[in-house]
Amino acid sequence: MKFSFLIVALFVYSFGHAQDSDASKKANISHIISLFKQKNIDEISTVINYPLKRENPIPAIKNPKEFKQRFHEVFDQTLVDLIAHSKPEQWTEVGWRGIMLDNGTLWIDSEAGKITAVNYQSPFEKKLRQTLIQKQKEHIHNSLKQFKNPVYTIRSEKYLIRIDELANGKYRYASWKIGRKENMPPDIILSNGKLDFEGSGGNHVITFTNGIYTYAIYRNIIAEKDASDITLVIKKNKQKILTQGGTLIAE
């Protein structure tokens, strides 16, 4: 009897906990919608998970003060209206990733209800991004000026590394010894990079080949707390000869 009672009690607790969790998530969604209906920028700045990343090379928004200054760059009237007039059925929980609006235009954390990602680019940001890319092309070495999208600029213990997406869909790797700059001739350029995703968390690797050598750039999005942004792994004849952590450089 005691065992049966325990099972029933656990079921009732689990059911009640699930209901409380669902109610909390609905309340978080309603709160976000309400803030955008009011266009309450001060309050919205408190429900952002910083840094709020923007598409490279647009710098991330680091804190509430900067968010308020750049609010209209990210949240134009089209996006504000989309969020403010959204219905509960437009918001979907996607496991540990959180809750997304429509097909991922906006993401919020399932528990805290904070905005974790904005996958929307206003006309202002589109123009800004092209301006910043052009500025990059003006200051890098002539051999690197032709590319479609900048991907990463990385500083490891020994190297400065630049990864770009090319017009043909391949990726390019260029590196310099630490102390040299991007306007100097690179020590190595590889233009045959291939992107592969690892799992569903966003982690990915871009792999380049150079004869018997392979260069792999691992982007550690979901990782241990103190993990590097990037891990560089170089292999010779499939034998690992170098592993270095790297830090992403904000342009």
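Above this text sits the structure in question.
Since the structure is predicted, the reported quantities are computational estimates derived from the model, not experimental observations.

1. A short note on the pairing of strand β10 (residues 213-219)
Then comes step 1: Bridge count between strand β9 (residues 204-210) and β10: seven bridges; the pairing is antiparallel. In the strand pairing of β10, His204 is matched with Arg219.
Then comes step 2: Between β9 and β10, which pair antiparallel one after the other, the connecting turn spans two residues, and Gly211 there sits at a positive phi close to 65 degrees.
Then comes step 3: When β10 meets strand β11 (residues 230-236), the two strands line up antiparallel, connected through seven bridges. Bridge pairing in β11 places Tyr218 opposite Thr231.

2. Some thoughts on the layout of surface pockets
Which parts of space are left empty comes out when a probe the size of a water molecule is rolled across the atoms.
Then comes step 1: Empty space within the largest pocket amounts to approximately 1,900 Å³.
Then comes step 2: In this structure, the largest pocket is lined by 50 residues; those nearest its centre are Lys53, Arg54, Asn119, Arg219 and Ile221.
Then comes step 3: Only β4 (115-118), α5 (123-139), β5 (149-156), β8 (188-197) and β9 provide two or more residues apiece to the lining of the largest pocket.
Then comes step 4: Per element, the largest residue contribution to the lining of the largest pocket is five residues, and it comes from β5.
Then comes step 5: Tallied by class, the residues present in the lining of the largest pocket amount to 24 nonpolar, 15 polar and eleven charged.
Then comes step 6: What the second largest pocket holds in volume is close to 200 Å³.
Then comes step 7: Forming the boundary of the second largest pocket are Asp22, Lys25, Lys26, Ile29, Ser30, Pro88, Trp91, Thr92, Glu93 and Ile99.
Then comes step 8: Where the lining of the second largest pocket is concerned, the elements lending two or more residues are α1 (2-38) and β1 (91-93).

3. What about the nonpolar core?
As a rule of thumb, nonpolar side chains are buried together in soluble globular proteins.
Then comes step 1: Counting residues in each nonpolar core, the largest one holds 26 residues, and the members touching the most others are Ile32, Phe36, Phe67, Phe75, Trp91 and Leu106.
Then comes step 2: Within the residue set of this core, elements represented by two or more residues are α1, α2 (41-44), α3 (64-74), α4 (77-84), β2 (99-101), β3 (106-108) and β4.
Then comes step 3: Ranked by residue count, the leading element in this core is α1, at five residues.
Then comes step 4: Filtering out sequence-adjacent residues up to four positions away, Phe75 remains in contact with Phe36, Phe67, Val80, Ile83, Leu106 and Val118.
Then comes step 5: Listed in part, the 17 residues of the second largest apolar core include Ile188, Leu190, Leu232 and Ile234.

4. Structural notes on the sheet that holds β11
Then comes step 1: Strand order around the closed barrel formed by eight strands is β5-β6-β7-β8-β9-β10-β11-β12, with antiparallel pairing between neighbours. On average, each strand axis in the sheet is inclined to that of its neighbour by 30 degrees, with strand direction left out of account.
Then comes step 2: The sheet contact formed by strand β6 (residues 159-165) and strand β7 (residues 171-177) spans seven bridges and is antiparallel. Along β7, the bridge assignment pairs Asp164 with Arg172.

5. Thoughts on the sheet that holds β2
Strands in a sheet are paired, the pairing made by backbone hydrogen bonds, and the direction either parallel or antiparallel.
Then comes step 1: Strand order in the open sheet formed by four strands is β1-β2-β3-β4, and the pairing between neighbours is antiparallel. Lying at the two open borders of the sheet, with one neighbouring strand each, are β1 and β4. Looking at each pair of strands side by side, their axes are set apart by 20 degrees on average, direction ignored.
Then comes step 2: Summarising the sheet, β3 and β4 pair through three bridges and their orientation is antiparallel. Considered in β4, the bridge of Leu106 is made with Val118.

Definitions and cut-offs
- Residues numbered from 1 in each chain as written.
- Predicted model: local features only at pLDDT ≥ 70, side-chain atom pairs only at ≥ 80, totals over all residues.
- Heavy atoms only, no water.
- Pairing = 2+ DSSP bridges.
- Helix = DSSP H or I, 4+ residues; strand = E, 2+ residues; numbered from the N terminus.
- 1 Å grid on protein atoms, 1.4 Å probe; cavity = no way out; pocket = protein on both sides within 12 Å on 5 of 7 lines; lining within 4 Å.
- Points joined across faces, edges and corners; volume = space filled by probe spheres on them.
- Nonpolar A, V, L, I, M, F, W, Y, C, P; charged D, E, K, R; others polar.
- Core = buried A, V, L, I, M, F, W, Y, C linked by side-chain atoms within 4.5 Å.
- Buried < 20%, exposed > 50% of the residue type's maximum accessible area, 1.4 Å probe, protein only.
- Contact = heavy atoms within 4.5 Å.
- Axes fitted to C-alpha atoms, helices over the stretch in contact; angles between N-to-C directions.

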